[in-house]
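Tertiary structure, described
Residues per chain, in single letters:
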Amino acid sequence: MSLFIFGKAAIAEGIGEILSPVTPTENYYLLAIPSCHVSTPLVFGDPELTRDTRKQPHQRLMQQAWENDCQTCVKNNYPEVAKIIEWLVEYAPTRLTGTGGCVFSTFNNASEAQVVMDKAPKWLNIRTTQGLNNSPLNELLSTLDQNQQNIVN
């Protein structure tokens, strides 16, 4: 999982307690949000959940295609999520977020993502976003801090 720690992109490993800085490609994404709630306990309790995937170094994961072990379980138990994945995967690499609910597709640029968004069926709750390595809020706070220091000096 990628998130911001101290305003910079980081990857969380283990059960989220191991944090390492990363600089993934700042791709564009379509994020699809189903109307159903995906139960994390149901996903982790599914006997079909793959539990023996070999751990990969995060640098390798960031340079290759990877799969979410929860995706098959969620697709099997949540037809709406399966329908979203089936539609989006026709246009771009598509994966489940964490244990699920949301689905994302990866694009190289905003115009590619927008073309697919424009084709989205009415039932699909979808939006575009860009992955970032620096938090915009952190950048704004840094700018304000610099401005304050310039005023004092």
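This section reports on the structure supplied with the text.

Parameters at a glance
- Residues numbered from 1 in each chain as written.
- Predicted model: local features only at pLDDT ≥ 70, side-chain atom pairs only at ≥ 80, totals over all residues.
- Heavy atoms only, no water.
- Helix = DSSP H or I, 4+ residues; strand = E, 2+ residues; numbered from the N terminus.
- Buried < 20%, exposed > 50% of the residue type's maximum accessible area, 1.4 Å probe, protein only.
- Areas by Shrake-Rupley, 256 points an atom, 1.4 Å probe, with all protein chains shown as cover.
- Lys, Arg positive; Asp, Glu negative; His and termini not counted.
- Charge placed at Lys NZ, Arg CZ, Asp CG, Glu CD.
- Contact = heavy atoms within 4.5 Å.
- Pairing = 2+ DSSP bridges.
- Axes fitted to C-alpha atoms, helices over the stretch in contact; angles between N-to-C directions.

1. Brief notes about the overall build of the protein
Summing up its helical and strand segments, the protein has six helices and seven strands in all. Ordering the α and β elements of the protein from the N terminus gives β-β-β-β-α-α-α-α-β-β-α-β-α. Considering the protein as a whole, with its 153 residues, one finds that 32% of them fall into the buried category. Working note: accessible area of the protein is about 10200 Å², and carbon and sulfur atoms make up 53% of it. Across the protein, the mean location of the 11 positive side-chain charges is 2 Å away from that of the 15 negative side-chain charges.

2. So, the side chain of Q71
Secondary-structure assignment places Q71 in helix 3 (residues 71-77). Q71 gets classed as buried once you look at its relative accessible area, which sits at 14%. Not counting residues within four places of it along the chain, the set of residues in contact with Q71 comprises I85, T94, R95 and L96.

3. Concerning the sheet that holds strand 7 (residues 126-130)
The strands making up a sheet are joined through hydrogen bonds of the backbone, oriented either antiparallel or parallel. Read from one edge of the open sheet, four strands run 5-6-4-7, paired in antiparallel fashion. Both edges of this open sheet fall to strand 5 (94-96) and strand 7, since each of them pairs with a single strand only. Each strand of the sheet is rotated relative to its neighbour by a mean of 25 degrees, with strand direction disregarded. Where strand 5 lies against strand 6 (residues 103-107), three bridges are found, and the strand directions are antiparallel. Note that in strand 6 the partner of R95 across the bridge is F104. Across the sheet, helix 4 (residues 79-88) lies against strand 4 (28-32), strand 5, strand 6 and strand 7, angled at about 10 degrees from strand 6, the strand it touches most.

4. Focus: helix 4
For helix 4, every residue scored as buried is listed here: V81, A82, I84, I85, W87 and L88. Buried residues in helix 4 make contact with strand 4, helix 3, strand 5, strand 6, helix 5 (110-119) and strand 7.

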